[in-house]
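Structural features, examined
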Amino acid sequence: MFQLNDKQVDFIFDDIRARGIKNEDLQYNLVDHVCCIIEQNLKEGGDFENFYQQTISKFYKKNLIEIEEETHLLINFKYYYTMKKIMNISGLLSALFALTGIIFKFLWWPGAGILLVLGFSIFSLFFLPIAFTIKQKQNKSKANQFQNLIGTFCGSVLSLSILFKIMHWPGANIMGLSSILLLLFVFTPIFYLSGVKNEETKQNTIITSVILILACTLLLALINVKAMRGIEPSKQQINIHLVSIVSANELSLKGQISLSEKDSASFQKVSSLKAKLQVVEELEKLKTSFFSKYEVESELRVPERWHELTNITIFETEDSNQTNDLTKLGVDALYNKIIKVNQSPTEVTNLSLNLSLLEWYNQYFNRVTLEQALQNICYLQSVVLL
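Please read all numbers here as calculations on a predicted model, not as lab measurements. (Residues numbered from 1 in each chain as written. Predicted model: local features only at pLDDT ≥ 70, side-chain atom pairs only at ≥ 80, totals over all residues. Heavy atoms only, no water.)

**A short note on the overall build of the protein chain**
Stated formally: The way it works is that DSSP assigns letters per residue, a run of H or I at least four long becomes a helix, a run of E at least two long becomes a strand, and they are numbered from the N terminus. Burial here depends on accessible area, computed with a 1.4 Å probe over protein chains only, as a share of the maximum for the residue type. Under 20% is buried, over 50% is exposed, and the range in between is partly exposed. Residue contacts follow a heavy-atom distance rule, with two residues in contact if any of their heavy atoms lie within 4.5 Å. A 1.4 Å probe and the Shrake-Rupley method give the accessible areas. Residues count as covered only by the protein chains that appear here.
When its secondary structure is counted, the protein chain shows 17 helices and zero strands. Residues counted as buried form 39% of the 386 residues belonging to the protein chain. The long-range fraction of contacts in the protein chain, counting pairs at least 24 apart against all pairs at least 6 apart in sequence, stands at 62%. Counting every atom, the protein chain has about 22,400 Å² of accessible surface; 60% of that belongs to carbon and sulfur.

Next up, the structure:
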């Protein structure tokens, strides 16, 4: 068994101090531990210094000071390891839910929305905040702490904006644009300036900064700025024109009803005209139902702003809930009423009422944008009014 002398023990003490360990209790504990390993494993006549370097290198990944930092965290940060476990579990769950949700969405399987909400919510509201808290405890530099704060905030808001975009919730563009601009013009400069000063991190900092700038630029390209400003003159005019045609025909129909009511012999004609008017009014209520179902803001419900609803695809999945939703909205009842008020072959062909009810659903309402669905309703109204 190898026996250390005083000179060798002092060498270990001095080396541990030189490596940045300032806590005296930790110094003594490390020296004692290292001495025991050397005396138990080093053979007589062995190379002490070489064996010591091999032994001490097993105590850290990069620098020995990591042990003191870890000890400091354990003393001052009571739930450090618990939070690390929660962070790891939440990160794994968020990735699993998000990936599964995207796959379900591609395959049109039910449950995609719930999985995506869970995945992005866990990532934004649990994983990133916990990771930020741990990083704050590890970094004493105010600049690094501020950098971590900005980075965590941008990451959370950006991931939530993607969730809002996928789920067609209002506010997605504003959240995405603000987080990207903050990431591009605040986080990236701070990250670059703090990392480029250190020769060890300079190259990685430059590469990462370039990737961040390009990523932010690509994300900005995906945001529909025109839709945010509401400037789409050609589409505006199409939707306004459709609604104006329906309004004009509706006024004309009401005039016909008024004139026919004065003629007692036109009772059957008045009933037919009123039935058409009722269908047109119920189709108008269907528009309102779609607005409510997809939580469309009041300012976007006017024809001038319908073109901003192209990011909403209605009835994206084929499941049992789709038929229930259509029934609640009254589409099936409208189908039967439209058949009754349009008896001529020409009108039936125009409205595609020669199709089955489900086929008719699919043609006018299934997997089309909300703008297209509103235009289809206007088309149905205009043909009924003929």
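**Examining helix H1 (residues 6–18)**
This is how it is decided: In this analysis, the expected span of each helix is defined as 1.5 Å times one less than the number of residues it contains. Arc definition: directions from the helix axis to the C-beta atoms.
Look at H1: 18 Å from first C-alpha to last across 13 residues, which is about the 18 Å you get at 1.5 Å a residue. Within H1, burial applies to Gln8, Ile12, Phe13, Asp15 and Ile16. Viewed along the axis of H1, the buried residues span an arc of 170 degrees, placing them on a single side of the element. The outward face of H1, more than 90 degrees from its buried face, is lined by the exposed residues Asp6, Lys7 and Ala18. Of the surrounding elements, those touching the buried residues of H1 are helix H2 (24–41) and helix H3 (48–56). Once H1 ends, the next one or two residues include Gly20, with phi positive near 105 degrees.

**Concerning the packing of H1 against H2**
The test is simple: Axis definition: a line fitted to C-alpha atoms, over the contacting stretch in the case of helices. Angles run 0 to 180 degrees between N-to-C directions. Angle categories are assigned with fixed cut-offs, so that under 35 degrees is roughly parallel, over 145 is roughly antiparallel, 65 to 115 is roughly perpendicular, and the rest are oblique. What makes a crossing left-handed is the near helix being turned counterclockwise from the far one by less than a right angle; a clockwise turn instead makes it right-handed. Residues are sorted three ways: Asp, Glu, Lys and Arg are charged, Ala, Val, Leu, Ile, Met, Phe, Trp, Tyr, Cys and Pro are nonpolar, and all the rest, Gly among them, are polar.
The geometry of H1 relative to H2 is characterised by a closest axis approach of 10 Å and an angle of 130 degrees between their N-to-C directions. When the axis of H1 is compared with that of H2, the two are oblique. Note on packing geometry: the crossing formed by H1 with H2 is right-handed. Where H1 approaches H2, its residues Val9, Ile12, Phe13, Ile16 and Arg17 are matched on the opposing element by Gln27, Tyr28, Leu30, Val31, Val34, Cys35 and Ile38. Residue classes in the contact of H1 with H2 are distributed as 10 nonpolar, one polar and one charged.

**Some points on the packing of helix H12 (residues 267–293) against helix H17 (residues 370–384)**
Where H12 meets H17, the closest approach of the two axes is 9 Å, and the angle between their N-to-C directions is 175 degrees. Taken together, the axes of H12 and H17 lie roughly antiparallel to each other. Facing H12, whose interface residues are Lys276, Val279, Val280, Leu283, Glu284, Leu286, Lys287, Phe290 and Phe291, H17 presents Leu370, Leu374, Ile377, Cys378, Leu380, Gln381 and Val384. Along the lines of polarity and charge, the residues of the contact of H12 with H17 split into 12 nonpolar, one polar and three charged.

**Focus on helix H8 (residues 172–196)**
Here is the rule we go by: Across the chain, bend at a residue is computed as the angle between axes fitted to the seven residues ending at that point and the seven starting from it.
The first and last C-alpha atoms of H8 sit 34 Å apart over 25 residues, in line with the 36 Å expected at 1.5 Å per residue. Of all the bends in H8, the greatest measures close to 35 degrees and is centred on Leu183.

**Some thoughts on unusual backbone geometry**
Of note in the backbone geometry, Glu295 takes a positive phi value of approximately 50 degrees without being a glycine. Relative to the helices and strands, Glu295 is located in the loop between H12 and helix H13 (320–329).

**Structural notes on the pattern of salt bridges**
Stated formally: For salt bridges, the criterion is a side-chain nitrogen of Lys or Arg within 4 Å of an Asp or Glu carboxyl oxygen.
Taken as a whole and judged by the stated rule, the model has five salt bridges. The partner of Asp15 in a salt bridge is Arg19, with the nearest N and O atoms 2.6 Å apart. Lys254 serves as the salt-bridge partner of Glu250, at 3.9 Å between the closest nitrogen and oxygen. One end of the pair, Glu250, and the other, Lys254, are both in helix H11 (residues 233–261), four residues apart, so they sit about a helical turn from each other. Looking at Lys254, the relative accessible area reads 39%, which means it is partly exposed.

**Considerations on the packing of aromatic side chains**
Formally: Geometry of aromatic contacts follows a simple scheme: Phe, Tyr and Trp rings, the Trp one being its six-membered ring, pair when their centres are within 6.5 Å, and the pair is stacked under 30 degrees between planes, edge-to-face over 60, tilted otherwise.
Evaluated as defined, the whole model comprises seven aromatic pairs. Relative to Tyr28, the ring of Phe13 lies with its centre 5.1 Å away and its plane at 80 degrees, an arrangement referred to as edge-to-face. Pair noted here: Phe13 is in helix H1 and Tyr28 is in helix H2, with a separation of 15 residues, a long-range link. Look at Tyr28 and you get exposed, because its relative accessible area is 51%.

**Concerning a nonpolar patch on the surface**
The test is simple: Patches draw on residues past 30% relative accessible area with no salt bridge. Two like charges within 9 Å are joined, as are two nonpolar side chains (Val, Leu, Ile, Met, Phe, Trp, Tyr) within 5 Å.
Among the surface-exposed residues, Leu99, Ile103, Phe106, Leu107 and Trp109 lie close enough to one another that they form a single nonpolar patch of about 550 Å² accessible area. Here Phe106 shows up in helix H5 (residues 80–106).

**Here's the deal with the confidence of the model for the protein chain**
Using the following cut-off: Confidence of the predictor at the level of single residues is given by pLDDT, which spans 0 to 100.
On average, the protein chain scores 81 in pLDDT, and the residues at 70 or more come to 83%. When the criterion is pLDDT under 50, residues 226–232 qualifies, and its contacts beyond four places in sequence or with other chains add up to 13 contacts. When the criterion is pLDDT under 50, residues 344–350 qualifies, and its contacts beyond four places in sequence or with other chains add up to 10 contacts.

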